[in-house]
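Descriptive structure summary
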Amino acid sequence: MERHSFDITVIGAGVVGLAIAEELSRHFKGILLLEKNESHGQETSSRNSEVIHAGIYYPEGSLKASLCLEGKSLLYDACEKRGIPHRRIGKLIVATSPEEEEALWALQGKAERNGVDDLLRLSDKVIRSLEPSVFATAGLLSPSTGIIDSHSLMRSLLVGSTDNGVTAVFRSCLTAARFDGDRYDLEINDGEYHVASRVVVNSAGLQSDRVAAMTGIDLERERYRLKPCKGSYFSMSPSPGIRHLVYPVPAPKHEGLGVHATIDLGGRVRFGPDVEYVDSIDYRVDEGKRDAFHESILKYLPGISRESLSPDMCGIRPKLQGPGEDIRDFVIREESRLGLPRWVNLIGIESPGLTACLAIARRVANLIAPVMD
Ligand SMILES: Cc1cc2nc3c(=O)[nH]c(=O)nc-3n(C[C@H](O)[C@H](O)[C@H](O)COP(=O)(O)OP(=O)(O)OC[C@H]3O[C@@H](n4cnc5c(N)ncnc54)[C@H](O)[C@@H]3O)c2cc1C
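The shown structure was predicted, so the numbers you read here are calculated from the model rather than taken from an experiment.

Here the focus is the pairing of strand β1 (residues 2-11). As defined by bridge partners, β1 adjoins strand β12 (residues 193-202) across 9 bridges and the pair is classed as parallel. Within β12, the residue paired with H4 across the bridge is V195. Where β1 meets strand β2 (residues 31-34), 4 bridges bridge the pair, whose relative direction is parallel. Counterpart to T9 in the pairing with β2 is L32.

Turning our eyes to something else, we now look at the side chain of D209. Structurally, D209 can be placed in helix α6 (residues 208-213). Despite its burial, D209 pairs with no opposite charge; the closest candidate is R210, at 4.1 Å N-O.

Moving on, we get to the site of the ligand. In the vicinity of the ligand there are 40 residues, among which E35, S45, V51, I349 and T355 approach most closely. Q207 places a polar side-chain atom, nitrogen or oxygen, 3.4 Å from a nitrogen atom of the ligand. Here S351 contributes a side-chain N or O atom positioned 3.4 Å from a nitrogen atom of the ligand. Notes on the ligand: free accessible area 1000 Å², of which the protein chains cover 98%. Of all elements in the fold, only α1 (15-25), β18 (309-319) and α9 (353-368) reach the threshold of two or more residues within the shell around the ligand.

Right, let's talk about the packing of helix α2 (residues 63-82) against α9 for a bit. With their axes 6 Å apart at the nearest point, α2 and α9 run at an angle of 100° to one another. Taken as axis vectors, α2 and α9 run roughly perpendicular relative to one another. In this structure, α2 contributes L63, L67, C68, E70, G71, K72, L74, L75 and A78 to the contact, and α9 contributes L354, T355, A356, L358, A359, I360, R362 and R363. Class assignment of the residues belonging to the contact of α2 with α9 gives a composition of 11 nonpolar, 2 polar and 4 charged.

Enumeration over the complete set of coordinates arrives at 23 salt bridges. Between R171 and E38 there is a salt bridge, with its nearest N and O atoms 3.7 Å apart. Of this pair, R171 sits in the loop between β9 (167-169) and β10 (174-179) while E38 is found in the loop between β2 and β3 (51-52), placing the two residues 133 residues apart along the sequence. There is no split in this pair, since R171 and E38 are both exposed. Of the charged contacts, one joins R306 and E307 as a salt bridge, the two residues approaching to 3.9 Å between their closest N and O atoms. With relative accessibility at 31%, the residue R306 sits in the partly exposed group. Each of E22, E23, R26 and R82 takes part in one network of salt bridges that share partners.

Calculation criteria
Residues numbered from 1 in each chain as written. Predicted model: local features only at pLDDT ≥ 70, side-chain atom pairs only at ≥ 80, totals over all residues. Heavy atoms only, no water. Pairing = 2+ DSSP bridges. Helix = DSSP H or I, 4+ residues; strand = E, 2+ residues; numbered from the N terminus. Buried < 20%, exposed > 50% of the residue type's maximum accessible area, 1.4 Å probe, protein only. Lys, Arg positive; Asp, Glu negative; His and termini not counted. Salt bridge = Lys/Arg side-chain N within 4 Å of Asp/Glu carboxyl O. Near = heavy atom within 4 Å. Polar contact = N/O pair within 3.5 Å; in protein donor to acceptor, adjacent residues only side chain to side chain. Areas by Shrake-Rupley, 256 points an atom, 1.4 Å probe, with all protein chains shown as cover. Axes fitted to C-alpha atoms, helices over the stretch in contact; angles between N-to-C directions. Parallel < 35°, antiparallel > 145°, perpendicular 65-115°, else oblique. Contact = heavy atoms within 4.5 Å. Nonpolar A, V, L, I, M, F, W, Y, C, P; charged D, E, K, R; others polar.

Structural data, given as C-alpha cells:
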C-alpha cells in the first residue's frame, strides 16, 4: 500500500482551502492540498453570488463580521495586485414600506458597530435618479460592496500555492482519519493510498461535518452537524438595466439576505438566492419557483414580467443553524481540547466565506504557527 508523508494536509480545494494552502505555503513547507473532485472549486465556491460583501449583516463580535471586514480589504488589494477581474460596483439595500425603513436604519446601526462606516442614507428621489426602474421609499448605499470573478481568484490561489511548493492532488477523497498520538493517518479513496500528516486542516465545505466526524468528534455534542440550505437563482432577459446590486431588507433570523439582484462582470443580472433547507445535494433549479421569485422581485422592481425570468443555477449553503434557529458563527477551531492536537476544523463557512477567504486563511495560519515549532 502506498504511503506518503506531509507536514500539513489541507482537505478541500474550494476558495477557502485554496486560500489556506497559499497562506500556509508562505510560512511552511511540506503541504498537501487534497481534493475529491477532478478540479478545484467545483462546489459552493463556484455556485454563489460572487459578491464582495461590506460586512453589514453579521452579529457584533462574530467571526463573520470581523473576517468579512478584514477579508474585504485583503481581497480588494489582492485583486489589484494579481489582476483578478472585479468591480466596486456598490449595492443598494431598499426599503419599500415604513416598517422596512425602520429595519433598514437598525441595519445601518449594526453595520456601524461592525466597523462599516461608509453607508449612505438615500431618499426615494435619489434612488430613482440612480436606478429609475427600482421602487423604494428609502435606501442605503454601500459603496464598498463589489463583485469578483471567483474563478480567476481560485486559479490565482492555486497557482500561488503550487508555485510555493504545495502538492495539489485531485480525485482524492479523504475516506477515513485516525490519530496515532503523533500523526494523522489519512486514508484516501477507501485505501487506494494513505497520507501521514502532523497537521490537518478540514476545509471540506458541505462535507466538513462528516470529515470532522471521521476523527471521532461527536457532531451533536459539538454542534457541528451541517444543515444544507439550497439557494436558487433565476436570470432575467431582457436585463432590467440596473447598475448596482439591489437587495431588499433582509428577513429576520438571517436565513438569507433576501432574493436580490446580482450583476456579474459580464453585466448579466440574476435574482436569488432563495432559502430551501434540503436533505440531499441536488443542483437542479425548480422551475416551479418562478411565481415566488416574481412576487419577491416585484416589490422593488415593479415593471418586470414573469416570462422574463428563467431558472439559472443554485448553490448549497453549509449552514450550522436549521430553519428558524438563531444565526451561528463560522467554526474555525484547533481541536486540542478534544484530544486532536493540530487538527483544525472549518465548519459552517457559508456567506461571507468568499469575501472572507483570505482573512480566514490568516486566522488558520495563526492557529497553526504555535504548534509547528
Ligand atoms: C447560494 C450562495 C451564495 C453565496 N454568495 C456569496 C457571496 O456573494 N459572497 C460571499 O462572500 N460568499 C458567498 N457565499 C458563500 C461562499 O460561496 C462560501 O462561503 C465559500 O465558497 C466556501 O468555500 P469552501 O472552500 O469552504 O467550500 P467549497 O467550495 O464547498 O469547497 C470544499 C471542497 O472540499 C472538497 N471536499 C469535501 N469533502 C472532501 C473529502 N472527503 N476529501 C477531499 N475533498 C473533499 C469538495 O469537493 C470541495 O471542492 C454564497 C454561498 C451560497 C451557497
